[in-house]
Structures are given as C-alpha cells and as structure tokens.
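This is what each chain is made of:
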Amino acid sequence: MTERLAARQVVALMTDGSSFTELPHPERRSGPDGPLAWDGYDASRARAVERTGEHESVVCGTATIEGTRAVLIAFEFGFLGGSLGEHTGDRLEAAYTYARARRLPVVPLVATGGSRMQEGMLALTQLQRVARQSALTREAGLAQIAVLRDPTTGGGWATLGAGADVILALPGAQVGFAGSRVRPPDADPAAYTAEAQLAAGAVDRVVRPGELRKELGSWLRLLTAPSTAPAPPPAPLGATDLPPTGWDAVLRARSPRRPRADRYLDAYFTHRVAISGDRCGGTDPDGMLCGFGEHDGRTVAYAAQTGTATRPAGYRTATRLIRLADRLGIPVLTLVDTPGAANDAEAERQGVGAAIADLFGAVATARTPITSLLIGEGGSGGALALAAPGNTWATPDSYFSVIAPEQAAAILKRGKEEVEATADQLRIRPQDLAELGVIRAGDDGPH
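Residues numbered from 1 in each chain as written. Predicted model: local features only at pLDDT ≥ 70, side-chain atom pairs only at ≥ 80, totals over all residues. Heavy atoms only, no water.

Within an unreviewed UniProt entry, the label attached to the chain reads Acetyl-coenzyme A carboxylase carboxyl transferase subunits beta/alpha, and the organism entered is Streptomyces coerulescens. Regarding the chain, the relevant UniProt record gives this comment under Subunit (unreviewed entry): "Acetyl-CoA carboxylase is a heterotetramer composed of biotin carboxyl carrier protein (AccB), biotin carboxylase (AccC) and two subunits of ACCase subunit beta/alpha." Listed under Pathway (unreviewed entry) in UniProt, the entry text for the chain is "Lipid metabolism; malonyl-CoA biosynthesis; malonyl-CoA from acetyl-CoA: step 1/1." (UniProt positions renumbered as here; feature names shortened; annotations may be inferred.)

Shown next as structure tokens:
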C-alpha cells in the first residue's frame, strides 16, 4: 500500500514550486457539539486540529501542475477520517464556484471514509451539494480529474471520485463504496482496491506517486485546450493503390500485415493519454482504444477500433470519450476497423445492442467536429456506429459493407464459389463507397 500522506504533503507532491494558494474558508457557526449536539464531537474536532494542524477535512486552493492552473481539493484523512460534514460541504462548494468563475479545471485528491456520523443526515446531504457542484462544473465545460488516495470510500468515492471525467488512482489504494468496517465479513478485500476498480472499468489508470505530477500535467494540458476545427484524417500507412475487386478489398483489410490502430495513433500524435473502461463494470482494451492526444500542437480525442469484434464495453467507452470531448470542446478522431460487433451470448447479456445505439446517438448529437477514417474492416452497424456522417474517409486497404460477403452469400443461399462475386455486387471498395457518397474523397480519390 502507498504511504498515506497528509493533505498538504500531497499538494506539495503534485504542484509546481510554491504555487499553491489556499482559498478563503466560508464561515459557518454551529452549536456545541455540532448540529446534532453529539456528545464529545467538539473534543474530537479539537483533537483532530491538534493532530493535523487543519480545521476541516479538506484543504482547497489553486496551484499550477506542470504549468497548468487548477483548483485542488485535498482531503486530510487524519481529520476525522477525511469525513464530509457541513463545513466540508461549504469548502467544496466554494472551491467549485471559484473554479467556474475563473474557468479552471478541478482536481480532487480524495482520501475519505465517507460522511461524518456525528452530523447525521446533515452530513449525508452534503453529497447532494457536491454532486450539484460537479454537475454545474461539467455543464460549464470544465474538466474534473480525480486522484484516488487511500482510502477512497463511501460518498466521497460516489461523488468526487467516481463522478470525475478522468480517474487516476494510487497503487494499492482502498477504493470502493463500502468501507472496510461495513462490508460483508466474507467479502474479498482484493475487490476493493484501485487495481480491481481499474479492471472493472471504474478507473482510468493506476499511477505511482513519483509519476503522478507528470501524468496530471499531461491530462490538464490536453483537457484545457478546446478547438473548433475538425481533426484532419491521418495519412494512409498501408497500400496506396485502390483494390481492383471487392474481394481484393476484403483480403487487404483482413491481411495481418495491414497497419492497425496503434500504428495510426503513434504516427498521428506526438503524445497521448488513454481513458479506460465504460464506468459500467467493463473494459475492452483489445477492441477499442480511447483517449486524448496532441496533434500539430492541439488536442484531439480519439476512439479507435483495433480490428477485432468490438465488445459492449468498447462501445460504451467510445461513447464516454465522445461525450467528454463534446463537453470540453475538443475535436474527435475515430478509426473504424472491426469485422463487426461481438455477437456471442455474453455480448447480448451485456447489452451490445443498447451500447451500439448509445454510440450512434453520441456521434449524431455531438457538437464538436468528428472525423472518421476507415482503416480496415467496416463490418455492418458495429463499424458504422463509430463513423461520422458526412466526414468519413477510407484508406485503400479497407472496405465497408452492410454485411460480410460470406454472410451475405449464405443469407442469399449462394455457394462458397459465389462469395467473391457477391463482394463485387455489394460495392464495398473504397472507390465504390466514394461514388455512393458513403465516404469522402480527395482530389486523388478515397482519402
């Protein structure tokens, strides 16, 4: 487990030099032993102040992280377990309000056991205040990047943590809605860790403390650089001549030598950072790559299929990526490359149809420009969902089809010897797609 640092130690680790400036604290009067007159509450708070030097469980201020200004919310776990009470809610609301007024991203550095019992339901309702402030900040188009420290449980995880746009976590940190003292006695403790949340699609990356400032700096730079211009399509990295027949187009797209998404992303971006997971319990790292990168000095978001059958979690992760980019005003590049959506029984149980529908909706309603490049197989609706209407291009070693030629022939009750002719009839070559108006073509043809 990572060493548990005090709030100000974490702030010093994250920020540039002495750039941290604490925000003014809102004043609130409360009666003896708090709003519930909980016997001994004042004494507990006094001991917490003496132990930590803090007067509440959060320290809020502004600082620069690798050159980008942000509002930081650092929890002090030593102050009553980093719990949230009314005074905590006051500070959090003030910090979010300050961020919106000055158009600054928000970075919660979370370490909390949840709501403060000594303030009862008044403490629990602070989660509603925090959720509203987070939602207002999201609507304002400002990024929220959470860092999960040890522990991140209860309402703090369910609002400041899980509600952030991007979630980073320290290795070995305890992360889960249920804290260690309220779980079932037979619960597997490994399920309540940063690593388990990463595997479940609830965390984007587990980052070692020594790498955290650089990682945060990259995210902040990329997510605070909106642009209204569409992303240019990448240049083809494979074949340059057009396929003579439909079946040739299929063979080229299925060739193991044909460049895949990772090569296109590496060539397109000077550097990039990845998001991971659909926030619904799933990941599809082998089928969909999503994140943000720098291209020609500006930020572009990307969602890229890898040439395999895309899982429901992959579609949901792409939807999450597009909606985040849309909120932040960042253009999107999608790379289309799949034989089709996963169609096994597990994919159906995971809601593949609903996941594809949601992605279609995200692409259709996005205000930010989306550019799509077909780089391999375009298999039916599972590929079309990621393609931008009116701004999709294609490489010479790709094809797009309503259904794979083999399946089309089977549906039409044709023999295997008729598959190649069926491919021609479907008009799936890049030049056919351009002629049909499905893809865009430059002066020298498709792409």
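*Asks:* What exactly am I supposed to notice about the overall build of the chain here?
*Replies:* Looking only at helices and strands, one finds 17 helices and 17 strands in the chain. Relative to its 447 residues, the chain shows a buried fraction of 53%. Put simply, 72% of the contacts in the chain that link residues at least 6 apart link residues at least 24 apart. Surface accessibility of the chain: about 18800 Å² in total, with carbon and sulfur atoms responsible for 54%. For the chain, the centre of its 46 positive side-chain charges and the centre of its 51 negative side-chain charges are spaced 3 Å apart. (Helix = DSSP H or I, 4+ residues; strand = E, 2+ residues; numbered from the N terminus. Buried < 20%, exposed > 50% of the residue type's maximum accessible area, 1.4 Å probe, protein only. Contact = heavy atoms within 4.5 Å. Areas by Shrake-Rupley, 256 points an atom, 1.4 Å probe, with all protein chains shown as cover. Lys, Arg positive; Asp, Glu negative; His and termini not counted. Charge placed at Lys NZ, Arg CZ, Asp CG, Glu CD.)

*Asks:* For this particular structure, what's the right way to read unusual backbone geometry?
*Replies:* Most of the time, phi is negative for any residue but glycine, and the peptide bond is trans. Cis peptide bonds are those with omega within 30 degrees of zero, and the linkage from Asp150 to Pro151 qualifies with -10°. Secondary-structure assignment places Pro151 in strand β5 (residues 145-153). Phi is positive for Asp33, close to 60°, though the residue is something other than glycine. Secondary-structure assignment places Asp33 in the loop between β1 (21-22) and α2 (41-52). Of note, the phi angle at Glu66 is positive, near 50°, even though the residue is not glycine. By secondary structure assignment, the location of Glu66 is in the loop between β2 (58-65) and β3 (68-75).

*Asks:* Would you mind going over the packing of aromatic side chains with me for this structure?
*Replies:* One pass over the structure, following the stated rule, counts 3 aromatic pairs. Taken together, a centroid distance of 5.4 Å and an interplanar angle of 45° make the contact between Phe269 and Tyr302 tilted. Of this pair, Phe269 sits in the loop between α10 (261-268) and β9 (271-275) while Tyr302 sits in strand β11 (residues 298-305), and the two are 33 residues apart along the sequence. Phe269 gets classed as buried once you look at its relative accessible area, which sits at 6%. Looking at Tyr302, the relative accessible area reads 1%, which means it is buried. An aromatic cluster is present here, built from Tyr268, Phe269 and Tyr302 joined pairwise through their rings. The side chain of Arg45 reaches across the aromatic face of Tyr41, ending 4.1 Å from its centre. Geometry around Tyr98 places Arg102 over its ring, the cationic atom sitting 3.7 Å from the centre. (Phe/Tyr/Trp six-rings, centres within 6.5 Å; stacked < 30°, edge-to-face > 60°. Lys NZ or Arg CZ within 6 Å of the ring centre and 35° of its normal.)

*Asks:* So what exactly am I meant to see when it comes to the pattern of salt bridges here?
*Replies:* Where charged atoms of side chains with opposite charge meet at close range, the side chains can pair. Enumeration over the complete set of coordinates arrives at 29 salt bridges. For the salt bridge of Arg4 with Asp150, the shortest nitrogen-to-oxygen distance reads 2.8 Å. Of this pair, Arg4 sits in the segment before α1 (7-14) while Asp150 sits in strand β5, placing them 146 residues apart in sequence. Taking relative accessible area as the criterion, Arg4 reaches 44% and is therefore assigned partly exposed. With a relative accessible area of 7%, Asp150 lands in the buried category. (Salt bridge = Lys/Arg side-chain N within 4 Å of Asp/Glu carboxyl O.)

*Asks:* Explanation requested: the pairing of β3 in the structure shown.
*Replies:* Two faces make up the sheet, and in a regular strand the side chains alternate between them. Counting buried positions over the 8 residues of β3 gives 7, a clear majority of the element. Inspection of the sheet shows β2 paired to β3 by 8 bridges, in the antiparallel sense. Directly across from Cys60, in β3, lies its bridge partner Ile73. Between β2 and β3, which pair antiparallel in sequence order, lie 2 residues; one of them, Glu66, sits at a positive phi of approximately 50°. Strand direction decides the pairing type here: β3 and strand β4 (residues 106-112), joined by 4 bridges, are parallel. Within the sheet, the bridge partner assigned to Ala74 lies in β4 and is Leu109. Once the chain exits β3 it traverses helix α3 (residues 86-102) before rejoining the sheet at β4, and the crossover so formed is right-handed. (Pairing = 2+ DSSP bridges. Right-handed = clockwise from strand over helix to strand, strands pointing away.)

*Asks:* Please clarify how the packing of α1 against helix α8 (residues 209-223) should be interpreted in this entry.
*Replies:* When two helices pack together, their arrangement is given by the angle between their axes and by how far apart the axes lie. Interaxial distance between α1 and α8 falls to 8 Å at its minimum, and their mutual angle equals 60°. If you check the angle between α1 and α8, you find them oblique. Contact residues: Ala12, Leu13 and Met14 in α1; Pro209, Leu212, Arg213 and Leu216 in α8. Counted by class, the contact of α1 with α8 contains 6 nonpolar, no polar and 1 charged residues. (Axes fitted to C-alpha atoms, helices over the stretch in contact; angles between N-to-C directions. Parallel < 35°, antiparallel > 145°, perpendicular 65-115°, else oblique. Nonpolar A, V, L, I, M, F, W, Y, C, P; charged D, E, K, R; others polar.)

*Asks:* Can you walk me through a nonpolar patch on the surface in this structure?
*Replies:* Taken together, the side chains of Leu36, Trp38, Met117 and Leu122 define a hydrophobic patch exposed on the protein surface, amounting to about 420 Å² of accessible area. Structurally, Trp38 can be placed in the loop between β1 and α2. (Patch = residues over 30% accessible without salt bridge, like charges linked within 9 Å, V, L, I, M, F, W, Y side chains within 5 Å.)

*Asks:* Quick question: what am I supposed to make of the nonpolar core here?
*Replies:* When a protein is soluble and globular, its nonpolar side chains tend to lie buried together. Ranked by size, the top nonpolar core spans 62 residues in total, and within it Leu109, Trp219, Leu223, Phe292, Leu321 and Ile322 carry the most contacts. At 7 residues, helix α11 (residues 312-328) tops the list of elements feeding residues into this core. Not counting chain neighbours up to four residues away, the residues in contact with Leu321 comprise Ile275, Cys290, Gly291, Phe292, Ala301, Tyr302, Ala303 and Val332. Grouped together as the second largest cluster of nonpolar side chains are 18 residues, Leu23, Val58, Ala99 and Leu104 included. (Core = buried A, V, L, I, M, F, W, Y, C linked by side-chain atoms within 4.5 Å.)

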